[in-house]
Amino acid sequence: MEDQSVVDVGDVRLAYRTWGDPFGSPVVLLHGLGGSAANWEALGGLLGAEWRVYALDLRGHGESDWPDEYAFEQMCEDVVGFLDECELNRVGLVGHSMGGVVAQLLAHEHSDRVERLVLIETPPPFPGEESPLPLPEGPVDYDEHVVPAVLAQLKDPDPEWAEGLGEIVAQTMIISGGPASTMPQERLSEMASLIPDCRLITIAGGHRVHETRADQVAHEITEFFTS
């Protein structure tokens, strides 16, 4: 069963959804640009059979506050504040696309909080590249100001982001969406080679593989988290 809640982190109120046993080991899901916790409905329910799953609406998205101030560093600290407020010490962390960048930064800067890391179709932090992050179709449920802010940082990322890949200590799995994805798949392979303990797998479901192939993604995450 899915539940919806909110928590105040500093000046920002974050909405989130949960699945699974309240006493299960925690897994946190971070959505992509223009998305929300609702994007994890299928996968969250499947993972809830094994863990306590939390899916956030990141700032500027869904039911969370839209403060008109958007940077990956702020989103990262929002998630750390969320972990603190929910008394989650170490978690399995899963990020899709934009949310994967947030997860990657958190795993580097707060390594003590991340047990294992899964990056799904996450743009590598390499400068000078246009990162095609398709926005979801349908009614808009995000602050329009978040889009240019996120894309600007992805095009010109802090050099420390790429350097930090080699300092991630959590076991990591990168999931690519295969030929149907809008992202350069060879760049995901390059990013995987820079993370010390990382495996790269492909599930042919496109950029939103966590929705189009939720059962396969849940299986791979379960195998990874329990291996």
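Here the structure is a predicted model, which is why all the values come from computation and not from measurement.

Rules used in this analysis
- Residues numbered from 1 in each chain as written.
- Predicted model: local features only at pLDDT ≥ 70, side-chain atom pairs only at ≥ 80, totals over all residues.
- Heavy atoms only, no water.
- Phe/Tyr/Trp six-rings, centres within 6.5 Å; stacked < 30°, edge-to-face > 60°.
- Buried < 20%, exposed > 50% of the residue type's maximum accessible area, 1.4 Å probe, protein only.
- Lys NZ or Arg CZ within 6 Å of the ring centre and 35° of its normal.
- Pairing = 2+ DSSP bridges.
- Helix = DSSP H or I, 4+ residues; strand = E, 2+ residues; numbered from the N terminus.
- Axes fitted to C-alpha atoms, helices over the stretch in contact; angles between N-to-C directions.
- Contact = heavy atoms within 4.5 Å.
- Patch = residues over 30% accessible without salt bridge, like charges linked within 9 Å, V, L, I, M, F, W, Y side chains within 5 Å.
- Areas by Shrake-Rupley, 256 points an atom, 1.4 Å probe, with all protein chains shown as cover.
- Salt bridge = Lys/Arg side-chain N within 4 Å of Asp/Glu carboxyl O.
- Lys, Arg positive; Asp, Glu negative; His and termini not counted.
- Charge placed at Lys NZ, Arg CZ, Asp CG, Glu CD.
- Expected span 1.5 Å × (residues − 1).
- Arc of directions from axis to C-beta.
- Parallel < 35°, antiparallel > 145°, perpendicular 65-115°, else oblique.
- Left-handed = near helix turned anticlockwise from the far one by under 90°.
- Nonpolar A, V, L, I, M, F, W, Y, C, P; charged D, E, K, R; others polar.

Visitor: Would you mind showing me how to read the packing of aromatic side chains here?
Guide: Where two aromatic rings form a pair, the distance of their centres and the angle of their planes describe that pair. Scanning the model with the defined rule gives 6 aromatic pairs in all. With a centroid separation of 5.8 Å and 35° between ring planes, the pair formed by Phe 224 and Phe 225 is classed as tilted. Of the residues examined, Phe 224 reaches a relative accessible area of 1% and is grouped as buried. Following the ring pairs from residue to residue traces out a cluster consisting of Tyr 16, Tyr 54 and Phe 82. In this structure, Arg 52 is placed above the aromatic ring of Tyr 54, and the distance from its NZ or CZ to the ring centre is 5.7 Å. The cationic tip of Arg 116 hangs over the ring face of Phe 224; the distance from NZ or CZ to the ring centre is 5.3 Å.

Visitor: Help me out: how do you make sense of the sheet that holds strand β1 (residues 3-9) in this one?
Guide: Sheets are built from strands paired through backbone hydrogen bonds, the pairs being either parallel or antiparallel. The sheet built from 8 strands is open, its strands ordered β1-β2-β4-β3-β5-β6-β7-β8 with mixed pairing. The two strands at the open ends of the sheet, each matched to only one other strand, are β1 and β8 (198-202). Neighbour-to-neighbour, the strand axes of the sheet open up by a mean angle of 20°, direction not taken into account. Alignment of strand β2 (residues 12-19) against strand β4 (residues 52-56), held across 4 bridges, turns out to be antiparallel. Paired with Trp 19 across the bridge in β4 is Val 53. The strands touched by helix α2 (residues 72-85) within the sheet are β1, β2, β3 (26-30), β4 and β5 (91-96), with β1 carrying the most contacts at an inclination of about 110°.

Visitor: Please explain a negative patch on the surface as it appears in this structure.
Guide: Residues Glu 73, Glu 77, Glu 109, Asp 156, Asp 158, Glu 160, Glu 163 and Glu 167 make up a contiguous surface patch of negative charge. Elements that contribute at least two residues to the negative patch include exactly α2 and α5 (159-165). Tracing the sequence through the fold places Glu 77 in helix α2. Residue classification places Glu 77 among the partly exposed residues on the basis of a relative accessible area of 39%.

Visitor: Teacher, can you tell me more about helix α8 (residues 214-226) here?
Guide: An α-helical segment advances 3.6 residues per turn. Residues three or four places apart therefore align on the same side. An ideal rise of 1.5 Å per residue puts 18 Å on 13 residues; α8 measures up with 18 Å between its terminal C-alpha atoms. Looking only at α8, the buried set comprises Ala 214, Val 217, Ala 218, Ile 221, Phe 224 and Phe 225. The arc enclosing the buried residues of α8, seen along the axis, measures out at 130°, which places them on a common side. Exposed residues on α8 whose side chains face more than 90 degrees from its buried face are Asp 215 and Thr 226.

Visitor: Sorry if this is basic, but what is going on with the packing of α2 against helix α3 (residues 98-109) here?
Guide: Axis angle and axis distance: for two packed helices, these are the angle between their axes and the distance between the axes, and together they describe the pair. Two elements in contact, α2 and α3, have axes whose closest approach is 9 Å; the angle formed by their N-to-C orientations is 70°. With respect to α3, the element α2 is oriented roughly perpendicular. Crossing angle aside, the handedness with which α2 passes α3 is right-handed. Counted together, Phe 72, Met 75, Cys 76, Glu 77, Val 79 and Val 80 of α2 and Met 98, Val 101, Val 102, Leu 105, Leu 106 and Glu 109 of α3 form the full contact between these two elements. Within the contact of α2 with α3, the residues separate by chemical class into 10 nonpolar, no polar and 2 charged.

Visitor: In this structure, what is going on with the pattern of salt bridges? I would like to understand it.
Guide: Where charged atoms of side chains with opposite charge meet at close range, the side chains can pair. Under the defined criterion, the tally for this structure stands at 6 salt bridges. Asp 78 serves as the salt-bridge partner of Arg 59, at 2.6 Å between the closest nitrogen and oxygen. Here Asp 78 lies in helix α2 and Arg 59 lies in the loop between β4 and α2, a separation of 19 residues in the sequence. Per residue, the accessibility class of Arg 59 equals that of Asp 78, and both read buried. In this structure, the salt-bridge partner of Glu 190 is Arg 187, at a minimum N-O distance of 2.3 Å. Highlighted residues: Glu 190 and Arg 187, both in helix α6 (residues 185-194), separated by 3 residues, approximately one helical turn. For Glu 190, a relative accessible area of 34% translates into the label partly exposed. Taking relative accessible area as the criterion, Arg 187 reaches 22% and is therefore assigned partly exposed.

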